[in-house]
Each structure stands twice: as structure tokens, then as C-alpha cells.
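Tertiary structure, described
If you want the building blocks of each chain, they are given just below.
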Amino acid sequence: MIDLYTDSTPNGWKVSVLLEEIGMAYTTHHVDIMKGDQKEDWFIKICPNGRIPAIVDRDNEDLAIFESGAIMLYLARKSGKLIPTDEKGESRVTQWLMFQMSGIGPMMGQSNIFYRYFPEKLPSAIERYHNECRRLYEVLDRQLEGREFLCDEYSIADIANWCWIRIHFWGGTKVEGLSNLEAWLERLEKRPACQKGIAVPHAIDFKELAADLESKDSAVRSLVTK
Ligand SMILES: N[C@@H](CCC(=O)N[C@@H](CS)C(=O)NCC(=O)O)C(=O)O
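Small disclaimer: the values here were computed from a predicted structure and weren't measured. (Residues numbered from 1 in each chain as written. Predicted model: local features only at pLDDT ≥ 70, side-chain atom pairs only at ≥ 80, totals over all residues.)

Quick look at the site of the ligand
Here is the rule: The C-beta atom of each residue is placed using the backbone, and any residue whose C-beta lies within 6 Å of a molecule or strand is treated as near it. By the convention adopted, Pro, Cys, Tyr, Trp, Phe, Met, Ile, Leu, Val and Ala count as nonpolar, Lys, Arg, Asp and Glu as charged, and the other residues, Gly among them, as polar.
Looking at the ligand, the residues that line it are Thr9, Pro10, Asn11, Ile33, Gln38, Arg51, Ile52, Pro53, Glu67, Ser68 and Leu223. Across the shell around the ligand, the residue classes tally to five nonpolar, four polar and two charged.

Written out as C-alpha cells, the structure is:
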């Protein structure tokens, strides 16, 4: 049994979608990042970085794992699903997973902050992250030319990238004109496991989040601008 510590964000979805896809039993623990649960001692013992997601594998001597990419690799290898076992195939999937971890995640994260959350609107910062996100989307669009998924078969690399890019509107970078990427986004959105996973621990209401940002004491704004 896996204990999953998460909240309703792209990094959290990566793990809940994966668990749904591989059909592994798990118990969800809501770490409310708006309330600061991720900074509490009990959670820091599981995740030294104080950020969601994290897991504890109760069937493996309570092994605690943090960093969404490391969790995905562990669960895919443990289940023997969504990552090839041959060296070349595994390397290809790992490359596109790392592309998400080091490019899509951090750049879209900064884009969200400067476009959506930051109290001052800094056009040059917004433009820099929009350009970089668009460049990364174009890389994915080229990779998806003539392919249904990023590698030969559906894998953790698709899940990791999709969980972020599905909310590209939040950071303000458009996917228009990238037809391979748009078709792939729709393809994943239709998967039942993807739909289930993005409702863990609860479905996110972007209208509510946008309304929260209007308030002077906005929890989300103070979280990302500290
Ligand atoms: N590199 C980490 C990033 C984790 C991360 O940034 N998590 C965010 C939610 S998507 C978080 O916990 N934010 C709360 C905070 O910054 O205190 C991973 O991929 O697991």
C-alpha cells in the first residue's frame, strides 16, 4: 500500500494520475499547502524539501520518497508499467521525464508566478517566461510529429508533461498552432485514469483560485511571493 501526500497541483497530479493508471492501491493524505501543512515537522520528515508530492511505501519498509520525478520512476519500475525495461527505451522515457522536471515544470511555474500571482506586473519577466514556455512547447510539438505519445508507447513522460501543460492557460502561454501538442493534450484528457487522478485530493476550481487572487489576504499569492 502506498501513502500519497499531495495537494491539487500539477506536481501532485503526476503521482495520482500514475497511481490510477497502474492500478496500485493508495491512501491519499491531503497536505493543504495553502495552510502550510508542507512546512510542518511531520511532513519534513517524509519530504525534506517541504513540498508536495511525497509517498511512503508501506510494503517496502516504509520507504519515503520525495520529488515527483523520482516517485514516478520508482512506481513505474515497481509496477513494471509505463516505462520500458530495455535500456534504450528506458533512457528515452527518462529523457522526456527530465525535460518536464527541469524545463516545463520550473518555467511554467515561474510563468504562473509572474503572469498570474505576482502583485507587480513585470512585462519583461512575463515575456521571458512566455517565450521559454512556448519554445519548450514547440520542442514537444516536434517530438509528437507522427507519434501518439512522446516515446514509442504511453509512459510516465506523457503523464508528467501533460499534468503541467493541460493548464497552460493559467500561465498565459498559448498552444495555438501546435497541432501535434493540442491533439496529444486532448488524447490524454480523455483517459479515465487521467480524469480520476486530477481530482485527487479534490478537483481544482480555477475560478475560485482566480477570485482568491483578488483578495488582499490571498493565501495563494502569499505562498508564491514569499
Ligand atoms: N521539484 C518538486 C517540486 C514540488 C513543488 O514545487 N510542489 C509545490 C506544489 S506544485 C508545493 O508544494 N508548493 C508549496 C510551497 O512552495 O510551499 C517536485 O517535482 O516534486
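From this point, things continue past the structure.
A word on helix α3 (residues 68–79)
This is how the line gets drawn: By the criteria applied, helices consist of DSSP H or I runs no shorter than four residues and strands consist of E runs no shorter than two, each listed in order from the N terminus. A helix is expected to span 1.5 Å multiplied by its residue count minus one. Backbone-placed C-beta atoms define the burial measure: a residue is buried with 20 or more other C-beta atoms within 10 Å of its own, exposed with 12 or fewer, and partly exposed in between. Think of it as the arc spanned by the lines of direction from the helix axis to the C-beta atoms. C-beta atoms are placed from the backbone for every residue, and two residues are taken to be in contact when these atoms lie within 7 Å.
An ideal rise of 1.5 Å per residue puts 16 Å on twelve residues; α3 measures up with 16 Å between its terminal C-alpha atoms. For α3, the set of buried residues is Ser68, Ile71, Met72, Leu75 and Ala76. Viewed along the axis of α3, the buried residues span an arc of 125°, placing them on a single side of the element. Buried residues in α3 make contact with α1 (10–22), β3 (54–57), β4 (63–66), α4 (87–117) and α6 (156–165). Immediately downstream of α3, the backbone of Gly80 shows phi near 70°, a positive value.

Details of the sheet that holds β4
Inclusion rule: We treat two strands as partners when DSSP finds at least two bridges between them. For helices, the axis comes from a line fit to the C-alpha atoms of the stretch in contact; other axes are also lines fit to C-alpha atoms, and the angle between any two N-to-C directions lies between 0 and 180 degrees.
In space, the four strands of this open sheet follow the order β2-β1-β3-β4, with mixed pairing throughout. Strands at the two margins of the open sheet, each flanked by one partner only, are β2 (26–30) and β4. Each neighbouring strand pair of the sheet contributes to a mean axis angle of 20°, computed without reference to strand direction. Relative to β4, β3 runs antiparallel, the two being bridged by four bridges. The partner of Ile55 across the bridge, within β4, is Ile65. Its contacts with the sheet put α1 on β1 (2–6), β2 and β3, and the angle it makes with β1 is roughly 150°.

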